[in-house]
Amino acid sequence: EDGKLLVGGAFTTLNGTNRSSLARFNIDGNLDANFDPSVNGPVSTIVVLRDGKILVGGQFTALGKTARNRIGRLNPDGTVDPDFNPDANGAVRTLALQTDGRILLGGSFTTVGGLARHRLARVRDLCRDLVRGRVPRRRHHHRGGAGGELPDGPAARRREERPREREPARELGAALRDEDGER
């Protein structure tokens, strides 16, 4: 909306200025001097949210001085959003935002948030849901397997994942359904 351009990759300087893997250019083409999140590894994917916050994924383990394993969210000024930390154990190569605010991530990870999620995961932005006055319900019909939405809270993380047998074509569809059975 503001006409600025975000650039991610595996670089340490842009236009002679130190910038680590993520930078923003103003509409006039000059590097935005006020935006310097200092990422410690390559950035592969960027999504700008409606509120101006920035989702980034890649092969990094820190945004600025804050630990963020391969996925994180920045405030519009480049500071780390402390309320978002899905924690992937392998590279995040792509991100997509669904209309309901949930976030799809794809990459070479096998766990997200400590749960088995092989190359595809869906996470919700719990803080955004609470701000909107919605308390999301837990999903109980999908356990283990590829993809799926991460359950909320530490109790859900401790629950043992038990895969169920399903037809492969139905597995992905089930993984992408919301609590009401809709896609």
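Residues numbered from 1 in each chain as written. Predicted model: local features only at pLDDT ≥ 70, side-chain atom pairs only at ≥ 80, totals over all residues. Heavy atoms only, no water.

Engineer: Break down the overall build of the chain for me, citing the residues and quoting the values.
Structural biologist: The number of helices and strands found in the chain is three helices and 14 strands. Put simply, 37% of the contacts in the chain that link residues at least 6 apart link residues at least 24 apart. Accessible surface, the chain: about 9,900 Å² in total, of which carbon and sulfur atoms supply 49%. (Helix = DSSP H or I, 4+ residues; strand = E, 2+ residues; numbered from the N terminus. Contact = heavy atoms within 4.5 Å. Areas by Shrake-Rupley, 256 points an atom, 1.4 Å probe, with all protein chains shown as cover.)

Engineer: Lay out the pairing of strand E6 (residues 54–58) with the relevant residues and their values.
Structural biologist: The buried count for E6 comes to five of five residues, which makes it a mostly enclosed element. Residue alternation in E6 divides its side chains into two sets, Ile54, Val56 and Gly58 and Leu55 and Gly57, and both sets are buried. Connecting strand E5 (residues 43–48) to the antiparallel partner E6 that follows it, the hairpin turn spans five residues, and Gly52 within it adopts a positive phi of roughly 90 degrees. Of the pairings in the sheet, the one linking E6 to strand E9 (residues 71–74) comprises four bridges and is antiparallel in character. Residue pairing for E9: Leu55 is matched across the bridge by Arg73. (Buried < 20%, exposed > 50% of the residue type's maximum accessible area, 1.4 Å probe, protein only. Pairing = 2+ DSSP bridges.)

Engineer: Please set out the confidence of the model for the chain residue by residue, giving values where relevant.
Structural biologist: Of the residues in the chain, 67% reach a pLDDT of 70 or more, and the chain-wide mean stands at 77. Confidence, read as mean pLDDT per element, is least for helix H3 (residues 168–175) in the chain (38) and greatest for E6 (97). Every residue in residues 126–149 is under pLDDT 50, and counting partners more than four places away or in other chains gives 64 contacts. Taken as a whole, residues 151–183 scores under 50 in pLDDT and shows 58 contacts with residues more than four places along the chain or in a different chain. (pLDDT = per-residue confidence, 0-100.)

Engineer: A description of unusual backbone geometry should follow, citing residues and the corresponding values.
Structural biologist: We note that Arg70 has phi near 70 degrees; this positive angle belongs to a residue other than glycine. As for its placement among the helices and strands, Arg70 is situated in the loop between strand E8 (66–67) and E9. Positive phi is not limited to glycine here, since Arg119 has a value of about 70 degrees. Following the sequence through the fold, Arg119 ends up in the loop between strand E13 (115–116) and strand E14 (120–123).

Engineer: For the sheet that holds E5, give the residues involved together with the corresponding values.
Structural biologist: Pairing is antiparallel in the open sheet, where three strands are placed in the order E5-E6-E9. At either margin of the open sheet sits one strand with a lone partner, and together these are E5 and E9. Averaged over all pairs of adjacent strands, the angle between strand axes in this sheet comes to 20 degrees, irrespective of strand direction. By the bridge criterion, five bridges tie E5 to E6 in an arrangement that is antiparallel. The residue of E6 that forms the bridge with Ile46 is Val56. (Axes fitted to C-alpha atoms, helices over the stretch in contact; angles between N-to-C directions.)

Engineer: Before we move on, could you go through the pattern of salt bridges and cite the residues and values that matter?
Structural biologist: Counted under the stated rule, the structure contains six salt bridges. With its nearest N and O atoms 3.4 Å apart, the salt bridge here joins Lys4 to Asp32. Linking Lys4 in the segment before strand E1 (5–8) with Asp32 in the loop between strand E4 (22–25) and E5, this pair joins segments that are 28 residues apart in sequence. Overall, Lys4 belongs to the partly exposed group, its relative accessible area being 34%. Here Asp32 falls in the buried class, since its relative accessible area comes to 3%. Between Asp32 and Arg24 there is a salt bridge, with its nearest N and O atoms 2.9 Å apart. Here the salt bridges do not stand alone but share partners, grouping Lys4, Arg24 and Asp32 into one network. (Salt bridge = Lys/Arg side-chain N within 4 Å of Asp/Glu carboxyl O.)

Engineer: Lay out the side chain of Asp32 with the relevant residues and their values.
Structural biologist: Of the polar contacts made by the side chain of Asp32, one reaches the side chain of Lys4; its length is 3.4 Å. When sequence neighbours within four positions are dropped, the list of residues in contact with Asp32 reads Lys4, Arg19, Arg24, Phe25 and Asn26. (Polar contact = N/O pair within 3.5 Å; in protein donor to acceptor, adjacent residues only side chain to side chain.)

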